[in-house]
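The residues making up each chain are set out below.
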Amino acid sequence: MKVNGVAYRSIWPIGQRSVGIIDQTRLPYELHTLELADWRAMVTAIASMQVRGAPLIGVAAAYGIALAANQDADEAALDAAGQQLLASRPTAVNLRWAVQRMRARLDALPRSERRAAAWREADAIAQEDVAINRSIGSYGSALLAQAYARTGRPVNVLTHCNAGWIATVDYGTALSSVYLAYDAGVPLHVWVDETRPRNQGLLTAWELGGHGVPHTLIADNAGGHLMQHGKVDIVLVGADRVGREGDVCNKIGTYLKALAARESSVPFYAAVPSPTIDWQLGDALREAPIEERAASELRIVQGLDERGRRASVELASPASAVANPAFDVTPARLVTGLITERGIVRPDQLASLFPEAGATR
Ligand code: MRU
């Protein structure tokens, strides 16, 4: 997608030597790019959320393995890098998927061929991510066009967190539908949840604004009220891990949106690229690993001061205990549909779209 007229992706290889990323910890205040030349720097970038969003951290991990292969393509060295990449963030299953795919490709090759193959495979994963998201957008945008055709007024979408192009390589998952519908002339408006404590809603607002999509930033607690008053036509979110029964693990607070949506008869959809499906996951509520992040994310807010300089302000007393679970699980029964690259299905039909996944269950 474009930023100030310049086309960007969120991650890109630099001559099979290093990897470029947009440092998302500096958004939306400044667009700053980084060049990572070592797999350890990629581990840090994922853990610190310089790169974030389930599809993007999967691709970042794939490039992390390629960076590791630049240094040493031995099994033991790749194991060490893979383990640290896997431990960098626990919830998004895309990371495990990408590391396993990279290893399956490389382990089948003699050591001398692994380095070049690693870059080819990571590039392929990145390209596939773009194609998957484009396809999700084509199905989801049709949903938005239908909503417009039904009501004849602009479609009000509510989204949580950031499931846009910077959470992926390009286009986004949930927001891909919004961009494609908007480009096709469907009148729409997006309610953007702020998404405390990391405020990924600010990234969503930045993205939408950059594309010209009408949107309004709201406090996380406003969604239920808006739904009760008929101001939301559809809730559209991303996903970090979806179980085989269609339970959706996504950014903390998603579950409350789904509950409010059910109470107000607002359809609730999650955009789900296939690498986000964990076919080994049965009861997601009990089994999905939920990341607990640092207390400082809640205690300290970051922004710009009155002179436009980056500043931090302490909100909560260090004496107060803080809990910071970063994800929750929306049970399949609250999900109207899953938007995948192969079409839109009810959660209980997910497996029918991916018959080849049966072997991994
Ligand atoms: O903690 P983050 O910012 O990496 O969270 C992931 C997300 O961006 C969201 O949960 C999103 O809905 C899924 S990724 C498209």
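Residues numbered from 1 in each chain as written. Predicted model: local features only at pLDDT ≥ 70, side-chain atom pairs only at ≥ 80, totals over all residues. Heavy atoms only, no water.

Caption draft 1: Geometry of the site of the ligand. Around the ligand lies a shell of 18 residues, among which Arg52, Arg89, Asp240, Asn250 and Lys251 are the nearest. Asn250 has a polar side-chain atom sitting 2.6 Å from an oxygen atom of the ligand. A molecule is said to occupy a pocket when more than half its atoms come within 2 Å of that pocket's grid points, and by this definition the ligand occupies the largest cavity. Sorting the residues of the shell around the ligand by element identifies helix 2 (54-71) and strand 11 (248-251) as the ones contributing at least two each. Class assignment of the residues belonging to the shell around the ligand gives a composition of eight nonpolar, six polar and four charged. For the shell around the ligand, the two domains that each supply at least three residues are domain 1 (2-129) and domain 2 (152-360). (Near = heavy atom within 4 Å. Polar contact = N/O pair within 3.5 Å; in protein donor to acceptor, adjacent residues only side chain to side chain. 1 Å grid on protein atoms, 1.4 Å probe; cavity = no way out; pocket = protein on both sides within 12 Å on 5 of 7 lines; lining within 4 Å. Sits in = over half its atoms within 2 Å of the grid points. Helix = DSSP H or I, 4+ residues; strand = E, 2+ residues; numbered from the N terminus. Nonpolar A, V, L, I, M, F, W, Y, C, P; charged D, E, K, R; others polar. Domains from an automatic or database assignment.)

Caption draft 2: Just the nonpolar core, in detail. Counting residues in hydrophobic clusters, the biggest one holds 42 residues, and the most contacted among them are Ile11, Val19, Met42, Ile46, Val51, Tyr63 and Leu85. Mapped by element, the contributors of at least two residues to this core are strand 4 (18-22), helix 1 (39-47), helix 2, helix 3 (75-88), helix 4 (94-107) and helix 5 (111-151). No other element matches the 13 residues that helix 2 contributes to this core. Setting aside residues no more than four positions away along its own chain, Val19 makes contact with Ile11, Trp12, Pro13, Ile14, Leu34, Glu35, Leu36, Met42, Tyr63, Leu67 and Trp119. Grouped together as the second largest cluster of nonpolar side chains are 31 residues, Leu144, Val178, Val192 and Tyr269 included. (Core = buried A, V, L, I, M, F, W, Y, C linked by side-chain atoms within 4.5 Å. Buried < 20%, exposed > 50% of the residue type's maximum accessible area, 1.4 Å probe, protein only. Contact = heavy atoms within 4.5 Å.)

Caption draft 3: Looking closely at the sheet that holds strand 13 (residues 277-278). Strand order in the open sheet formed by four strands is 13-10-11-16, and the pairing between neighbours is mixed. The sheet is open, and its two borders are formed by strand 13 and strand 16 (327-330), each paired with just one other strand. Direction of pairing for strand 10 (residues 241-243) relative to strand 13: parallel, over a ladder of two bridges. Each residue of the ladder has a partner; that of Val242, found in strand 13, is Ile277. (Pairing = 2+ DSSP bridges.)

Caption draft 4: A look at the packing of helix 5 against helix 6 (residues 174-183). The contact between helix 5 and helix 6 brings their axes to 7 Å, and the two run at 65°. By crossing handedness, the relation of helix 5 to helix 6 is classed as right-handed. Across the interface between the two elements, Asn133, Arg134, Ile136, Gly137, Ser138, Gly140, Ser141 and Leu144 from helix 5 touch Ser176, Ser177, Val178, Leu180 and Ala181 from helix 6. By residue class, the composition of the contact of helix 5 with helix 6 is five nonpolar, seven polar and one charged. (Axes fitted to C-alpha atoms, helices over the stretch in contact; angles between N-to-C directions. Left-handed = near helix turned anticlockwise from the far one by under 90°.)

Caption draft 5: Main features of helix 9 (residues 254-263). Every buried residue belonging to helix 9 is among Thr254, Lys257, Ala258, Ala260 and Ala261, and all of these are buried. One side of helix 9 carries all its buried residues, which in axial view fall inside an arc of 165°. The outward face of helix 9, more than 90 degrees from its buried face, is lined by the exposed residues Leu256 and Glu263. Directly beyond the C-terminal end of helix 9, a positive phi value near 55° is found at Ser265. (Arc of directions from axis to C-beta.)

Caption draft 6: Seen up close, the sheet that holds strand 7 (residues 188-193). An order of 8-7-6-9-12-17-18 is seen for the seven strands of this open sheet, with the pairing classed as mixed. Pairing within the sheet leaves two strands with one partner each, and these edge strands are strand 8 (215-218) and strand 18 (343-345). Neighbour to neighbour, the strand axes of the sheet diverge by 25° on average, direction disregarded. Alignment of strand 6 (residues 155-159) against strand 9 (residues 234-237), held across two bridges, turns out to be parallel. What sits directly across from Val157, in strand 9, is Ile234.

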